[in-house]
Structures are given as structure tokens and as C-alpha cells.
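A structural walkthrough
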Amino acid sequence: GYSSQQQKQQQGGGRRGPDLRELNKSMQYWGKRRDFRRVMELLQQLEREGLEPNIYTFNALMHACVLCRTSDDVRRQLWDRMVVGAGLRPNAIT
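Our subject in this report is the structure included herewith. Just so you know, the residues in each chain are numbered from 1, in the order the chain's sequence is written. Given that this is a predicted model, residues contribute local features only at a pLDDT of at least 70 and side-chain atom pairs are listed and counted only at 80 or more, while totals for whole chains, interfaces and linings are drawn from all residues. Processing note: side-chain calculations cover all non-hydrogen atoms of the structure and skip hydrogens and water entirely.

Only a pair of cysteine sulfur atoms within 2.5 Å qualifies as a disulfide here. Inspection of the entire model under this criterion finds zero disulfides. There is no disulfide at C65, and the cysteine sulfur nearest it, in C68, is 7.6 Å away.

It is worth spelling out the packing of aromatic side chains at this point. Centre distance and the angle of the planes are the two values used to describe a pair of aromatic rings. Side-chain rings of Phe, Tyr and Trp, where Trp is taken by its six-membered ring, are said to pair if the distance between their centres is within 6.5 Å; with planes under 30 degrees apart they count as stacked, over 60 as edge-to-face, and otherwise as tilted. Under the counting rule described, the total for this entry stands at two aromatic pairs. A centroid spacing of 5.2 Å and a plane angle of 65° characterise the contact between F58 and W79, whose relative ring orientation is edge-to-face. A residue pair is termed long-range when its members are at least 10 positions apart, and F58 in helix α4 (residues 55-67) and W79 in helix α5 (residues 72-85) qualify at 21 residues. Exposure classes here rest on a 1.4 Å probe applied to the protein chains alone. A residue is buried below 20% of its type maximum, exposed above 50%, and partly exposed in between. Note on F58: relative accessible area 0%, which makes it buried. On the accessibility criterion, W79 (33% relative accessible area) is partly exposed. Criterion for a charge above a ring: Arg CZ or Lys NZ at most 6 Å from the ring centre, at most 35 degrees from the ring normal. A cation over a ring is seen here: R33 above Y29, with NZ or CZ 3.7 Å from the ring centre. The ring of W30 carries the charged tip of R38 above its face, separated from the ring centre by 4.2 Å. We count a stretch as a helix when DSSP gives it H or I for four or more residues in a row; a strand needs E for two or more, and each element gets its number in order from the N terminus.

Here we take up the pattern of salt bridges. For side chains bearing opposite charge, pairing can occur when the charged atoms are close. Within this document, salt bridges are pairs made up of a side-chain nitrogen of Lys or Arg and a carboxyl oxygen of Asp or Glu, the two lying within 4 Å of each other. All chains considered together, the criterion is met by four salt bridges. Between R38 and E41 there is a salt bridge, with its nearest N and O atoms 3.9 Å apart. Residue R38 and its partner E41 are both found in helix α3 (residues 36-48); the two are separated by three residues, about one turn of the helix. Of the residues examined, R38 reaches a relative accessible area of 29% and is grouped as partly exposed. The class of E41 is partly exposed, set by a relative accessible area of 33%. Among the ionic pairs, R81 bridges to E47, the shortest N-O distance being 2.8 Å. One end of the pair, R81, is in helix α5; the other, E47, is in helix α3, and 34 residues separate them in sequence. On the basis of relative accessible area, E47 is assigned to the partly exposed category, the value being 38%. Through salt bridges with shared partners, a single network forms among R37, R38 and E41.

A word on the packing of α3 against α4. In this analysis, axes come from line fits to C-alpha atoms, helices being fitted only over the stretch in contact, and the angle between any two N-to-C directions falls in the range 0 to 180 degrees. With their axes 10 Å apart at the nearest point, α3 and α4 run at an angle of 160° to one another. Overall, the two elements α3 and α4 adopt an arrangement that is roughly antiparallel. In the crossing of α3 with α4, the sense of the turn from one axis to the other is left-handed. Contacts from F36, V39, L43 and L46 of α3 reach α4 at T57, L61, A64 and C65. Among the residues forming the contact of α3 with α4, the class breakdown is seven nonpolar, one polar and no charged. Orientation categories follow fixed angle ranges, with anything under 35 degrees roughly parallel, anything over 145 roughly antiparallel, 65 to 115 roughly perpendicular, and all other angles oblique. Crossing chirality is assigned from the near helix's rotation relative to the far helix, an anticlockwise turn below a right angle marking it left-handed and a clockwise turn marking it right-handed. Only heavy atoms enter the contact rule, under which two residues are in contact if any of them lie within 4.5 Å. Here the nonpolar group is Ala, Val, Leu, Ile, Met, Phe, Trp, Tyr, Cys and Pro; Asp, Glu, Lys and Arg are the charged ones; every other residue, Gly included, is treated as polar.

Right, here's the structure in full:
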């Protein structure tokens, strides 16, 4: 059986959080505006929602690091979080 929350979502009711694509786009947006704090808040939201980061998440994070001129330590931590933690592999854009 479905929970009442699942039934509401199937019927179009109930609150639905942003999906991974929306969060990735928001990370890109705030990274381009050099608001690294907001990018990290979105990463935390992604994790709270139980979503798995993908290569677009990885690229948005790395791009934000460059634009926001984060320290090497911050970049390394995020790199490890994506490569080791999430099992992602960088691509040509990364």
C-alpha cells in the first residue's frame, strides 16, 4: 500500500520539492553570480531531499569554485565528495 503522502503526490497534491535538474540549474545560476554560500545551501538541500548528485551537479560545483575563487582545500573536499562519495567521474567540462 501507499502512504498518504505518496497518494497525494500521485494525485498531484502535496508539496513536492525541487528535482535534481532544478537544483543543478540553481547551482549554476548562483555560481555565476559568485554566491558560493547559496550554492552550498543548494547542495545541502539536494542531499536532504535524498537526491543523488550527477555530473551536472559536479560541474556546477566546480565551476562555482572557480568563479568564487574558493580555496584549494574547499575544491579538494568537493572533488572528493563527488568522486569518492558519489562515485562520479569528471568529464571534459569538469
